[in-house]
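Architecture and fold: a report
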Amino acid sequence: MLRLKKQALNKDTRKLRVGVLGCGPISQAAHFTSCRKAHNAELYAICDQAEDLVERMVAIHEPRVSYIDYDQMLADPQVDAVIIAIADQFHVEAARKAMVAGKHVLVEKPLGVSIEACEELRTQVHASGLVLQIGNMKRFDPGIAFAHHFIQEEMGQMLALKAWYCDSTYRYVLTDNLQPIIMRSAKARRPQGNPKADKNRYYLLTHGSHLVDTARFLGGEIKSVQARLVEKFDAYCWFVAVEFADGSVGHLDLTIAVRMDWHEGFQVYGEYGSVIGKTYNPWYFRASDVECFSVRDDQYHRILGEDAHFYKLQIEGFADTILHKTAMQGADIEDGMAAVRTLVAISRSVESGTWVQLADVVGGV
Ligand SMILES: NC(=O)c1ccc[n+]([C@@H]2O[C@H](COP(=O)([O-])OP(=O)(O)OC[C@H]3O[C@@H](n4cnc5c(N)ncnc54)[C@H](O)[C@@H]3O)[C@@H](O)[C@H]2O)c1
């Protein structure tokens, strides 16, 4: 009996030993601190080919070990799982290597930049028995999670969903005050060319991946899209008409950047209720304001969501899935795949001006 209790305690206190690949901005602003704050994970290792960045991050975050070679971090038997926090173009390759080395993977969003590469990774994930989660941390925003729960359990059928993600022209004024001072290195590994120069593609991948995932998390599978893109005064606005698999209609608005404050949220109309949500710039670590109206009691329901460190919560969820086999709360390989398909379909629809079925698309954004 005593032994059993001790074993249970060991199970509960075991921490996931995480190795973070990439010491760039997202690791500095989110992943290092999140691993250190998570109750069930440990910042065990960090890795970046830029030695100067590694040295500075070691001084601040004190991981047990550090590497400048990813293969060496993967060869470390103490590393249980890796967080892949590098440029989108390298995600699939790094995730595939990690799984070959037997490591669980939390890969930043978007899963990849082409459907074919993501599909190969999906085959590998299914064959490996390892956990792979995508870094769509908004699923861990307590307000969005509350909306998801209400939609699943109480709302009945969905009629329509609208979602918007509009970055602000003042984003850097805001985030510079909220984030730690980001350190950069001339030795950092970057994709060929400058992917950020093609703004249309870059914005769709980096911001569109959040919008599409939130729409799918709340509204379910997307079947087809018809998208229009307007570019004016260096601003990009995608209006996307959506057909969901259950026959509901949707409208997505991705605008980069609006000449006002950060503007993100959603509205869902259902059979027994409706949901309205306002999401804040993520670096406030503030839960979305979400109101779920239920016709069952004629009342609005909302939660406080006092712990809204979504990046920490996503690591805790990831660690629980690995350590205790709990159901994955984050986006899984199918969600990652579907998000990339949706983004590619949006691109194709902008080019053709027609409705595009997700099942038909190939290639990249
Ligand atoms: N979830 C979010 O809110 C959020 C926010 C910002 C960025 N992101 C995502 O995070 C990812 C990383 O963004 P970033 O701005 O930090 O990237 P970045 O390219 O600026 O930095 C990545 C770092 O990884 C290193 N690196 C890359 N490949 C490596 C390898 N094979 N071995 C060793 N080191 C390697 C580079 O040297 C660089 O220092 C992107 O996919 C981006 O979309 C997510």
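Report on the accompanying structure.

Procedures and definitions
Residues numbered from 1 in each chain as written. Predicted model: local features only at pLDDT ≥ 70, side-chain atom pairs only at ≥ 80, totals over all residues. Heavy atoms only, no water. Helix = DSSP H or I, 4+ residues; strand = E, 2+ residues; numbered from the N terminus. Rg over C-alpha atoms; globule rule 2.2 N^0.38 Å. Buried < 20%, exposed > 50% of the residue type's maximum accessible area, 1.4 Å probe, protein only. Contact = heavy atoms within 4.5 Å. Areas by Shrake-Rupley, 256 points an atom, 1.4 Å probe, with all protein chains shown as cover. Lys, Arg positive; Asp, Glu negative; His and termini not counted. Charge placed at Lys NZ, Arg CZ, Asp CG, Glu CD. Patch = residues over 30% accessible without salt bridge, like charges linked within 9 Å, V, L, I, M, F, W, Y side chains within 5 Å. Salt bridge = Lys/Arg side-chain N within 4 Å of Asp/Glu carboxyl O. 1 Å grid on protein atoms, 1.4 Å probe; cavity = no way out; pocket = protein on both sides within 12 Å on 5 of 7 lines; lining within 4 Å. Points joined across faces, edges and corners; volume = space filled by probe spheres on them. Nonpolar A, V, L, I, M, F, W, Y, C, P; charged D, E, K, R; others polar. Near = heavy atom within 4 Å. Polar contact = N/O pair within 3.5 Å; in protein donor to acceptor, adjacent residues only side chain to side chain. Core = buried A, V, L, I, M, F, W, Y, C linked by side-chain atoms within 4.5 Å. Pairing = 2+ DSSP bridges. Axes fitted to C-alpha atoms, helices over the stretch in contact; angles between N-to-C directions. Disulfide = S-S within 2.5 Å.

Moving on: the overall build of the protein. Secondary structure summary: the protein contains 12 helices and 15 strands in total. Relative to the globule expectation of 21 Å for 365 residues, the C-alpha radius of gyration of the protein, 20 Å, shows essentially globular dimensions. For the C-alpha atoms alone, the extent of the protein along its principal axes is close to 60 × 50 × 45 Å. Across the 365 residues that make up the protein, the buried fraction comes to 53%. Considering only contacts in the protein between residues 6 or more positions apart, those separated by 24 or more positions represent 69%. Carbon together with sulfur atoms contributes 52% to the accessible area of the protein, which is approximately 16,900 Å² in total. Averaging the positions of the 40 positive and the 46 negative side-chain charges in the protein gives two centres separated by 4 Å.

Below, the discussion takes up a negative patch on the surface. Together, Glu 153, Glu 154, Asp 297 and Asp 298 make up a region of like negative charge exposed at the surface. With respect to the helices and strands, Asp 298 occurs in the loop between strand E13 (289-294) and strand E14 (299-301).

One number sums up the size of the second largest pocket: a volume of about 170 Å³. Contributing to the lining of the second largest pocket are 16 residues, with Gln 152, Phe 217, Leu 218, Gly 219 and Gly 220 lying nearest its centre. Elements supplying a minimum of two residues to the lining of the second largest pocket: helix H7 (142-153) and helix H10 (208-219). The leading source of residues in the lining of the second largest pocket is H10, at 4 residues. For the lining of the second largest pocket, the class distribution of residues is 5 nonpolar, 6 polar and 5 charged.

This part is about the pattern of salt bridges. For the structure shown, the criterion picks out 21 salt bridges. The partner of Arg 122 in a salt bridge is Glu 119, and the shortest N-O contact between them spans 3.6 Å. Placement of both Arg 122 and Glu 119 in helix H6 (residues 115-128) is noted, with a separation of 3 residues, approximately one turn of the helix. What makes Glu 119 partly exposed here is its relative accessible area of 26%.

Bringing the site of the ligand into the picture now. Lining the immediate surroundings of the ligand are 22 residues, of which Asp 48, Asp 88, His 91, Arg 189 and Tyr 311 lie closest. At 3.1 Å, a backbone N or O of Gln 49 approaches a nitrogen atom of the ligand. Asp 88 has a polar side-chain atom sitting 2.5 Å from an oxygen atom of the ligand. Computed on the free molecule, the ligand has an accessible area of 870 Å², of which 86% lies beneath the protein chains in the complex. For the shell around the ligand, a count of residues per class yields 9 nonpolar, 7 polar and 6 charged.

This part takes up the nonpolar core. Across soluble globular proteins, nonpolar side chains show a tendency to be buried alongside one another. Residues Tyr 70, Leu 132 and Val 275 are the most contacted members of the largest nonpolar core, which totals 75 residues. No other element matches the 8 residues that helix H12 (residues 333-352) contributes to this core. In this structure, Tyr 70 is in contact with Leu 21, Cys 47, Val 82, Ile 84, Ala 94, Lys 97 and Ala 98, ignoring residues within four places of it in sequence. Val 18, Cys 23, Ala 81 and Leu 106 belong to the second-largest nonpolar core, a separate cluster that totals 23 residues.

The residue Thr 321 is located in helix H11 (residues 310-324) in this model. The class of Thr 321 is buried, set by a relative accessible area of 10%.

With parallel pairing, the 6 strands of this open sheet are ordered in space as E3-E2-E1-E4-E5-E6. Bordering the open sheet on either side are strand E3 (65-67) and strand E6 (132-134), each of which pairs with just one other strand. Each strand of the sheet is rotated relative to its neighbour by a mean of 25 degrees, with strand direction disregarded. Along the sheet face, helix H3 (residues 51-61) touches strand E2 (41-47) and E3 and points at about 160 degrees away from the line of E2.

It is worth spelling out unusual backbone geometry at this point. Between Lys 109 and the following residue, Pro 110, the backbone shows a cis peptide bond with an omega angle of -10 degrees. The residue Pro 110 is located in the loop between strand E5 (104-107) and H6 in this model. Along the chain, Ile 256 connects to Ala 257 via a cis peptide bond; the corresponding omega equals 0 degrees. With respect to the helices and strands, the residue Ala 257 is situated in strand E10 (residues 249-258). With a phi angle near 55 degrees, Asp 298 is a residue other than glycine that sits in the positive phi range.

Here we take up the state of the cysteines. Tallying each qualifying case throughout the model produces 0 disulfides. The thiol of Cys 23 is not disulfide-bonded; the next cysteine sulfur, from Cys 47, is found 7.4 Å away.

Attention shifts here to the environment of Ala 101. Structurally, Ala 101 is set in the loop between helix H5 (91-100) and E5. Ala 101 sits 79 residues away from Gly 22 along the chain, and the two C-alpha atoms are 18 Å apart.

Everything listed here is a matter of coordinates, which is why it stays silent on function.
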